[in-house]
Amino acid sequence: PAVSLSYVLSEENFLKNTSWLDLLKFRFSYGLVGNDAIGSEDDRFFYLSNVNMNNSYLGSSFGTLGNRGGRGLSGISISRYPNEDITWEIARKANYGIELGLFDKIEIQADYFTEKRWNILMDRAAIPETMGLQSSLRANVGEAKSHGIDMSLDYNHSINKDLWITGRANFTYATSEFLVYEEPDYSSTPWKSRIGHSLAQEYGYVAERLFIDEEDIRNSPVQFGNYMAGDIKYKDLNGDGKITELDQAAIGYPTSPEIVYGFGFSMGYKDFDLSCFFQGLARESFWIDVEKTSPFIGNQSALLQAYADSHWSEADRNTQALWPRLSTSVVENNNKKSTWFMQNGGFLRLKSLEFGYRIPKHIIDKAHISDLRFYLSGTNLLTFSKFKLWDPEMGGNGLGYPIQRVFNAGVQLSF
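Residues numbered from 1 in each chain as written. Predicted model: local features only at pLDDT ≥ 70, side-chain atom pairs only at ≥ 80, totals over all residues. Heavy atoms only, no water.

A. Just the overall build of the protein, in detail. Assigned secondary structure in the protein consists of five helices and 19 strands. Relative to the compact-globule value of 22 Å for 415 residues, the protein shows a C-alpha radius of gyration of 30 Å, a clear excess of over 25%. The C-alpha extent of the protein, read off along each of the three principal axes, is 100 × 65 × 50 Å. Counting across all 415 residues of the protein, residues that qualify as buried make up 33%. Sequence-distant contacts, at least 24 apart, represent 65% of the contacts inside the protein between residues at least 6 apart. As displayed, the protein offers around 25000 Å² of accessible surface, 53% of which is attributable to carbon and sulfur atoms. The averaged location of the 51 negative side-chain charges in the protein is 3 Å from the averaged location of its 40 positive side-chain charges. (Helix = DSSP H or I, 4+ residues; strand = E, 2+ residues; numbered from the N terminus. Rg over C-alpha atoms; globule rule 2.2 N^0.38 Å. Buried < 20%, exposed > 50% of the residue type's maximum accessible area, 1.4 Å probe, protein only. Contact = heavy atoms within 4.5 Å. Areas by Shrake-Rupley, 256 points an atom, 1.4 Å probe, with all protein chains shown as cover. Lys, Arg positive; Asp, Glu negative; His and termini not counted. Charge placed at Lys NZ, Arg CZ, Asp CG, Glu CD.)

B. Quick peek at the layout of surface pockets. Space inside the largest pocket adds up to approximately 400 Å³. Lining the largest pocket are 21 residues; nearest its centre among them are Ala 125, Tyr 181, Glu 182, Glu 183 and Arg 194. For the lining of the largest pocket, the element with the highest residue contribution is strand β6 (residues 106-123), accounting for four residues. Per-class residue counts for the lining of the largest pocket are nine nonpolar, two polar and ten charged. Computed from the structure, the second largest pocket encloses a volume of approximately 290 Å³. (1 Å grid on protein atoms, 1.4 Å probe; cavity = no way out; pocket = protein on both sides within 12 Å on 5 of 7 lines; lining within 4 Å. Points joined across faces, edges and corners; volume = space filled by probe spheres on them. Nonpolar A, V, L, I, M, F, W, Y, C, P; charged D, E, K, R; others polar.)

C. View of the sheet that holds strand β14 (residues 272-282). Overall, antiparallel pairing links the eleven strands, which are arranged β1-β2-β5-β6-β7-β8-β13-β14-β17-β18-β19 in an open sheet. Both outer strands of the open sheet, β1 (2-8) and β19 (406-414), are each paired with one neighbouring strand and no more. Averaged over all pairs of adjacent strands, the angle between their axes in this sheet comes to 10 degrees, without regard to strand direction. Here strand β7 (residues 138-158) pairs with strand β8 (residues 163-180) via 16 bridges, running antiparallel. Note that in β8 the partner of Glu 143 across the bridge is Val 180. (Pairing = 2+ DSSP bridges. Axes fitted to C-alpha atoms, helices over the stretch in contact; angles between N-to-C directions.)

D. Seen up close, the nonpolar core. Core analysis: the biggest nonpolar cluster contains 20 residues, and Leu 210, Ile 232, Tyr 234, Ile 288, Trp 340, Phe 341 and Trp 390 have the highest contact counts within it. Put simply, the parts of the chain that give this core at least two residues each are β10 (207-210) and β11 (232-234). (Core = buried A, V, L, I, M, F, W, Y, C linked by side-chain atoms within 4.5 Å.)

E. The environment of Arg 117, seen in detail. Within the element layout of this structure, Arg 117 appears in strand β6. Sequence-wise, Arg 117 and Lys 145 are 28 residues apart; in three dimensions their C-alpha atoms are separated by 6.0 Å. Within polar-contact distance, the side chain of Arg 117 engages the side chain of Glu 89 at 2.7 Å. (Polar contact = N/O pair within 3.5 Å; in protein donor to acceptor, adjacent residues only side chain to side chain.)

F. Quick look at the side chain of Lys 233. For Lys 233, the location among the structural elements is in strand β11. A polar atom in the side chain of Lys 233 sits 3.2 Å from the side chain of Ser 220.

G. Region of interest: empty space enclosed by the protein. Counted according to the given criterion, the structure contains one cavity of 30 Å³ or more. Looking at the largest cavity, its volume works out to about 110 Å³. Along its surface, the largest cavity is lined by 13 residues, and Ser 294, Trp 323, Arg 325, Ser 329 and Val 331 are the ones closest to its centre. Broken down by class, the residue content of the lining of the largest cavity amounts to eight nonpolar, four polar and one charged.

H. Focus on unusual backbone geometry. Phi is positive for Lys 270, close to 55 degrees, though the residue is something other than glycine. You can see Lys 270 is positioned in the loop between β13 (259-269) and β14. Even without being glycine, Arg 283 reaches a positive phi, approximately 55 degrees. Structurally, Arg 283 can be placed in the loop between β14 and β15 (285-287). Judged by relative accessible area, which is 34%, Arg 283 ranks as partly exposed.

I. View of the pairing of β6. Where strand β5 (residues 89-102) meets β6, 13 bridges bridge the pair, whose relative direction is antiparallel. What sits directly across from Gly 101, in β6, is Glu 107. Between β5 and β6, which pair antiparallel one after the other, the connecting turn spans three residues, and Phe 103 there sits at a positive phi close to 55 degrees. Note that β6 and β7 share 17 bridges and pair antiparallel. Opposite Glu 115, over in β7, you have Ser 146 as the bridge partner.

J. Representation of a nonpolar patch on the surface in the model. The grouping of Val 3, Leu 5, Tyr 30 and Leu 32 at the surface amounts to a nonpolar patch, some 360 Å² of accessible area in total. Those elements giving two or more residues to the nonpolar patch turn out to be β1 and β2 (21-35). With respect to the helices and strands, the residue Tyr 30 is situated in strand β2. (Patch = residues over 30% accessible without salt bridge, like charges linked within 9 Å, V, L, I, M, F, W, Y side chains within 5 Å. Salt bridge = Lys/Arg side-chain N within 4 Å of Asp/Glu carboxyl O.)

K. Structural context of the pattern of salt bridges. Following the criterion strictly, the structure yields 25 salt bridges and no others. Here Glu 182 ties to Arg 124 by a salt bridge, and the two come within 2.9 Å at their closest N and O atoms. With a gap of 58 residues between them, Glu 182 in the loop between β8 and β9 (202-204) and Arg 124 in the loop between β6 and β7 connect regions that are remote in the sequence. Judged by relative accessible area, which is 16%, Glu 182 ranks as buried. Glu 354 is paired through a salt bridge with Arg 373; the nearest N and O atoms lie 2.8 Å apart. Placement of the pair is Glu 354 in strand β17 (residues 347-358) and Arg 373 in strand β18 (residues 371-385), with a sequence separation of 19 residues. The network of salt bridges with common partners includes Glu 89, Lys 93, Glu 115 and Arg 117.

Listed below in C-alpha cells is the structure:
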C-alpha cells in the first residue's frame, strides 16, 4: 500500500494575488515497498537445499592407488540448506517535500526522505562451527534505516534586452545505518560491530606508523606474515598482544558518497554567451590498491614518482612515508585494508565550460544564413581535491586510464 498527498497553498485566496509568490506547494508520500531481489543471480529458490552428490574433492580412494585398479568414491557437499521461511525485504518509505516559486525568477524544491528496511537476508553468525555445517545458514534477520535531503535551486532572469542569466544548483545528502545485523557478540570489542554504521562502511586496521627497526618489531604486537622494518605497524585495539581480526574497526567514510552536489550558470550579453557547470561529492573514502600500484610487482616495473619521493629506506627511516619499504613481492602485512592507504574521495570538478559568440543576424542575412555561432569549450578542466596522486574518480588504481581533459573549438551553422 502507498498514499501521496499534495497541497498548493499558493492557490488559497489570501496568497493567490501576491506579486512575489508564484508557487507554494507541500507534498507527502508514504508507503511499503517489497524487494524480492535479495540473493545473487546464481543463488535462488532458498526454500530448497542445494546438494552435490558427486563432489570429487570430498571423495575417498580405496585399494591400490595409481593404475593398479584403485577405486574412488565421490563425496557429498551442501552449498545451501533449505529455509521455507525466507521472504522478500520490506521497506517503509516516507517523503516530505516543498516546492517554492518566488518573484517569477526563483524555483526551489526540497525533499526530506526516510526509509526503514527489514527482512534483510543475512548469513546467520550465531551458528557454532562445531555443528559441522558445510555452508552458512541464511535468514531474514537484518534491519536498516536511511534518511537524507534532496534540494535544487533554479534561477532565471532577464535583466534587460541585452543581458540574461540562468543558474541551477542541486544538493543531495543521504546516509544509512544498520539497526539489526547478524554478528557475533562484540560486547568486548564494540568497534567490530556494524550496528549503527553505514551499509557502505568499510572495516580495517588502524595504522600507527612504519616500523623503525628490528628492535621496534620485537617490542610490538605480533602481526602478519614475514614483516620487517619499514612495514606498517597496526594498533592493538583489544590489547591482547597480537594483531588479529578483532582489531578491525570502522575506518573512513562509506565507499558510496553521502553528499553529491553540483552548480552552474549560463549567461549572455548581446551576442556573447558563457556557461559552466561544477560537480562534486563528499564524505566518501577509497583505498589505494596495493597490488596494482606496487612497484616491481608482476608486470609493473615502473615506480610512481610519489612513491619514489616518499618511501621508507635504510637511508631514510621515515615512519610516516607514503609507501613502506620497497619489495619485489607483495608484502602480506602491508596489503591489509587499513587507514594507511585510506584516502578522502571528495572532490569538486569544473565539469564543463563554454564561451560562444553569435554573428549578428543583419550580417549573416546577406549570406542567407539563419544562424552562425563560434564557440570554445572544455570538459574536466579543473579538479579540487585533498587527494593529489591522481584523479580521485579513478579510485585506488592510479595506473588505469584517467579521465580526459578535452578542449573543443567549433562552429554551429544553420541555413
